[in-house]
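Architecture at a glance
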Amino acid sequence: MKPAAVNLHDLTREELRVLAVRWGFSSVHAARLWRYAYVDGVGDWARMPELPAKFRARAEAELALALLPVALDTHSSDGFTRKFLLSLTDDRRIETVLMRYTGRVTACISSQAGCAMGCVFCATGQMGFARHLTPGEIVAQAVHVDRALRAENGGERLRNLVLMGMGEPLHNYDAVMKAVDIVCDSAGLSLGTKKITLSTVGVIPGIIRLADEARPIHLAVSLHGATQEERAALVPVARKWPLADLMDACRYYIEKQQRRIFYEWTLIEGKNDAAENAHAVGRLLHGQEAQVNLIPLNPTAGYGGEPTGREAARRFQHILAEYGLPCTVRQRRGIDIAAGCGQLAVTRA
Ligand code: SAH
Ligand code: SF4
């Protein structure tokens, strides 16, 4: 049988409806198929008895329903994190992480195979860019975690999503936003936009677009350096999108969306964790509706730095508080299975 031309997860509910009508079927059947896939969590045509046989045969011939096959499923020793290595149709691979915090489960999903941005301390950046993911490949990761949760915990559903896996989401803007719209569809997975956070390295045109569009997800911006020179040493694309322009874009976003920005700061011992660095962040962000998330550096093969210790991280946090900036230190999760921030990499992208 020739492979189906269209991936169901690439379609919005409306696109699926239009397709079914074009085939000559009632939109009711399209709606039922959508519910099977996203609400009932069914990934097998044979388990969709409420679809009329003729519609099912046509859909089966034309639509791919399968999620991304799991090449590896790893659990962290503390039981809080589970990492899936998923295969794409062209044999490339990506990683998706399920993270448990007190009272909350979050899926961390990828937007690209590899990444073109080259941040020096990031394993994904170290592997280079392979390709953008399609909307369906992004959606499939959320559906996969949702189904894994149901299987683990009898009925638990996915509620929180972070676009902080492999890749730079604003470098793949259209596919990412279509995927966001699909997972937020109220007749499907029905995630709340307020439960979704997108993290960017600072792609200014993407930030402006997000500010101008009505899609109220949370925005996190990776900062890591509070002067142009220090930031560019860690984040090479800062040369293309300089810090001063990035701050203008962030202020525009806050003003337009009336929403705060989360800034991420990877704490590297002796590099960007001194009191003077914290004061520089404080001065840079003072007066903005902002919150800072500190992430002690996770180890990667291509970067030799060490994470900042607990005491120094706390000092950094206290200095930011003096500038009226709320600040948290991110809980470390899944380091033993290389599922922590910036550790996602596959040997063959
Ligand atoms: N491309 C996006 C989102 C993915 S990375 C971005 O860069 O924002 C998610 C976060 O992990 C970013 O803040 C990134 O800077 C951080 N990160 C990358 N490598 C890391 C490492 N080795 N240790 C700790 N944080 C890291
Ligand atoms: Fe890409 Fe983000 Fe890693 Fe930088 S930190 S290389 S932008 S995934």
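Quick note: structure is the one above.
Here is a short report on the structure shown in this document. (Residues numbered from 1 in each chain as written. Chains lettered and ligands numbered in written order. Predicted model: local features only at pLDDT ≥ 70, side-chain atom pairs only at ≥ 80, totals over all residues. Heavy atoms only, no water.)

Describing the site of ligand 1
As a reminder, the rule being used: Summary of the distance rule: residues count as near a molecule or strand when at least one heavy atom falls within 4 Å of that molecule or strand. Any pair of N or O atoms that falls within 3.5 Å is considered a polar contact. Within protein, one atom must be able to donate a hydrogen and the other to accept it, and sequence-neighbouring residues count only if both atoms are side-chain atoms. All accessibility values rest on the Shrake-Rupley procedure with a 1.4 Å probe; residue burial counts only the protein chains present in the view. Helical segments are the DSSP runs of H or I of at least four residues, strand segments are the runs of E of at least two, and each set is numbered from the N terminus. Residue polarity is assigned by list, with Asp, Glu, Lys and Arg as charged and Ala, Val, Leu, Ile, Met, Phe, Trp, Tyr, Cys and Pro as nonpolar; anything else, Gly included, falls into the polar class.
Neighbouring ligand 1 are 19 residues, the closest being F121, S199, S222, H224 and N298. Between ligand 1 and F121 there is a distance of 2.8 Å, counted from a nitrogen atom to a backbone nitrogen or oxygen. A distance of 2.8 Å separates a nitrogen atom of ligand 1 from a polar backbone atom of N298. A total of 530 Å² of accessible area belongs to ligand 1 in isolation, and the protein chains cover 96% of it. When contributions to the shell around ligand 1 are tallied by element, the ones reaching two or more residues are strand 10 (196–200) and strand 12 (261–267). Split by residue class, the shell around ligand 1 holds seven nonpolar, ten polar and two charged.

Section: the packing of aromatic side chains
For any pair of aromatic rings, the description rests on two quantities: the centre-to-centre distance and the angle between the ring planes. Test applied: The pairing test for Phe, Tyr and Trp rings, Trp by its six-membered ring, is centres within 6.5 Å, and the orientation test on the planes gives stacked under 30 degrees, edge-to-face over 60, and tilted for anything in between. Three labels apply to residues, based on accessible area from a 1.4 Å probe with only protein chains included: buried if under 20% of the type maximum, exposed if over 50%, partly exposed otherwise in between.
Counted according to the given criterion, the structure contains five aromatic pairs. Ring geometry for W23 versus F55: centroids 6.2 Å apart, planes at 50°, classification tilted. Here F55 lies in helix 3 (residues 53–62) and W23 lies in the loop between helix 1 (13–22) and helix 2 (27–38), a separation of 32 residues in the sequence. Take F55: its relative accessible area is 0%, and that puts it in the buried class. Judged by centre distance (6.3 Å) and plane angle (70°), the rings of F121 and Y303 are edge-to-face.

Considerations on unusual backbone geometry
Of note, the phi angle at D91 is positive, near 75°, even though the residue is not glycine. With respect to the helices, strands and loops of the structure, D91 is situated in the loop between strand 4 (81–87) and strand 5 (93–101). The backbone of S190 shows a phi angle near 60°, a positive value even though the residue is not glycine. As for its placement among the helices and strands, S190 is situated in the loop between helix 6 (173–184) and strand 10. Look at S190 and you get partly exposed, because its relative accessible area is 31%.

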